[in-house]
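# Breakdown of the fold
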Amino acid sequence: MKSAVQLDEAYWRGRYAAHQTGWDAGAITPPLREYFDQLGPADARRILVPGAGRAYEAEYLHRQGFSEVYVADIAPEALQALQQRVPDFPATHLLHQDFFALEPAPPFDLLVEQTFFCALDPALRPAYAQQCARLLKPGGTLAGLLFETDFGLSAEPPFGGTRAEYRAYFEPYFHFVHFETAYNSLRPRQDRELFICLKKK
Ligand SMILES: C[S@@+](CC[C@H](N)C(=O)[O-])C[C@H]1O[C@@H](n2cnc3c(N)ncnc32)[C@H](O)[C@@H]1O
C-alpha cells in the first residue's frame, strides 16, 4: 500500500493551517503518562519524540525533570506550539527535521511513538523501523502506541494495520518486551491500539 497523497512538509503545514488536527489529544495520553511515571532518570537520558506534533509527551517529560528531551517535526507550527506553551523547553531540542534524515549523534536511549507511524506513508514502514533502530543505542527502547485497527480505504492518514504486519517490521532490529492491546487508552482509541515496548538488539 502507498499513500495517494504526498505526505510532505507542505501537506502537514496545511493540516495545521486548516486546524485539521484531529489526532491532537490536547494533553499527554494515559498510556504514555503511566509509562513515563515508572521511568527512573537512569532509564532514559536522551529521549526523542519524532513526529511530535504539539508534543504534550515532551512537555510532560521536561516537567518531570528529564533534561535531554528532543522533539522532531517537519511542520514548524508544531514546534512553535510547544515553544509557546513551554518557554523554558530548550530551543536547541526543537528539531525542524525529517525523521528519516535525523542522525544518531549521539544515539538516544528512548524513542516515543504516538500517531506518527500511522501518519506516514505505509510504504515507509520498514524504513521507520530501521531508522528507529539506527537512532537508538544498543539496548535502547522504542515505546508507545500503534493503531491496531482498520481505518478503511483512505488517501490520507491515519493508516491502520495489524499486529502481525507490525511485528515483521520490528523483528529484525528489536526484542519485544511488550506488544499488547493497551488497557488505558483514551476512550476513542480504546481496544484499537497496541502499547509497545521494544528493546534494540
Ligand atoms: C498525526 S500527527 C501526530 C502528532 C503527535 N505525535 C501527536 O500524537 O499529537 C503527525 C506529525 O508528524 C509530523 N511528520 C510527518 N512526517 C514527518 C517526517 N517525515 N518527519 C518528521 N515529522 C513528520 C507531522 O508534521 C505531524 O506533526
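Just above sits the structure.
These remarks concern the structure in this document. Predicted model only: the values in this text are computed from it and were never measured.

A few words on the overall build of the chain. The helix and strand inventory of the chain stands at six helices and seven strands. Walking the chain from its N terminus toward its C terminus, one meets helices and strands in the order α-α-β-α-β-α-β-β-α-β-α-β-β. Expected size for 201 residues packed as a compact globule is a radius of gyration near 17 Å; at 16 Å, the chain falls within 12% of this value. Along the three orthogonal principal directions, the C-alpha set of the chain runs to about 40 × 40 × 35 Å. Relative to its 201 residues, the chain shows a buried fraction of 51%. Here the analysis covers contacts within the chain between residues at least 6 apart in sequence; of these, 70% occur between residues at least 24 apart. Carbon and sulfur atoms provide 52% of the accessible area of the chain, an area that totals close to 9,500 Å². In the chain, 20 side chains carry a positive charge and 25 a negative one; their mean positions are 2 Å apart.

Neighbouring the ligand are 16 residues, the closest being Tyr16, Gly51, Asp73, Gln114 and Thr115. Here a nitrogen atom of the ligand sits 2.8 Å away from a polar atom, N or O, in the main chain of Gly51. Gln114 has a polar backbone atom sitting 2.7 Å from a nitrogen atom of the ligand. For the ligand, whose unbound accessible area comes to 600 Å², protein coverage reaches 95%. A per-class count over the shell around the ligand returns nine nonpolar, five polar and two charged.

Here we take up the packing of aromatic side chains. Throughout the structure, instances matching the rule amount to 19 aromatic pairs. Measuring from centroid to centroid gives 5.7 Å for Tyr35 and Phe195, while their planes differ by 50°, and the two rings are tilted. Of this pair, Tyr35 sits in helix H2 (residues 30-37) while Phe195 is found in strand S7 (residues 193-200), placing the two residues 160 residues apart along the sequence. Tyr35 gets classed as buried once you look at its relative accessible area, which sits at 13%. The exposure class assigned to Phe195 is buried, which follows from its relative accessible area of 11%. Between Phe117 and Tyr128, the ring centres sit 5.2 Å apart and the planes meet at 70°, which makes this aromatic pair edge-to-face.

On to the side chain of Lys200. Within the secondary structure, Lys200 is located in strand S7. One buried charge, Lys200, has no salt-bridge partner; the nearest side chain with opposite charge is Asp109, at 11 Å. Within the structure, Lys200 has its side chain in polar contact with the backbone oxygen of Ala133 (distance 2.8 Å).

Where burial is concerned, most of S7 is hidden: seven out of the eight residues are buried. Here seven bridges tie strand S5 (residues 136-147) to S7, and the two strands are oriented antiparallel to one another. If you follow Leu146 over to S7, its bridge partner there is Leu194. Alignment of strand S6 (residues 174-181) against S7, held across seven bridges, turns out to be antiparallel. Paired with Phe174 across the bridge in S7 is Lys200.

We now examine the environment of Leu120. Tracing the chain through its elements places Leu120 in the loop between strand S4 (108-114) and helix H5 (125-135). The class for Leu120 is buried, based on a relative accessible area of 11%. Considered as a pair, Leu120 and Tyr60 are 60 residues apart in the sequence and their alpha carbons are 24 Å apart.

For any two helices packed against each other, the geometry is given by the interaxial angle and the distance between the axes. Contact geometry of H5 with helix H6 (residues 163-170) gives a least axis separation of 8 Å together with a crossing angle of 50°. The orientation of H5 relative to H6 falls into the category oblique. Crossing handedness for the pair H5 and H6: right-handed. Contacts between H5 and H6 pair Arg125, Pro126, Tyr128 and Ala129 from the former with Glu165, Tyr166, Tyr169 and Phe170 from the latter. A class-by-class count of the residues in the contact of H5 with H6 yields six nonpolar, no polar and two charged.

Calculation criteria
Residues numbered from 1 in each chain as written. Predicted model: local features only at pLDDT ≥ 70, side-chain atom pairs only at ≥ 80, totals over all residues. Heavy atoms only, no water. Helix = DSSP H or I, 4+ residues; strand = E, 2+ residues; numbered from the N terminus. Rg over C-alpha atoms; globule rule 2.2 N^0.38 Å. Buried < 20%, exposed > 50% of the residue type's maximum accessible area, 1.4 Å probe, protein only. Contact = heavy atoms within 4.5 Å. Areas by Shrake-Rupley, 256 points an atom, 1.4 Å probe, with all protein chains shown as cover. Lys, Arg positive; Asp, Glu negative; His and termini not counted. Charge placed at Lys NZ, Arg CZ, Asp CG, Glu CD. Near = heavy atom within 4 Å. Polar contact = N/O pair within 3.5 Å; in protein donor to acceptor, adjacent residues only side chain to side chain. Nonpolar A, V, L, I, M, F, W, Y, C, P; charged D, E, K, R; others polar. Phe/Tyr/Trp six-rings, centres within 6.5 Å; stacked < 30°, edge-to-face > 60°. Salt bridge = Lys/Arg side-chain N within 4 Å of Asp/Glu carboxyl O. Pairing = 2+ DSSP bridges. Axes fitted to C-alpha atoms, helices over the stretch in contact; angles between N-to-C directions. Parallel < 35°, antiparallel > 145°, perpendicular 65-115°, else oblique. Left-handed = near helix turned anticlockwise from the far one by under 90°.

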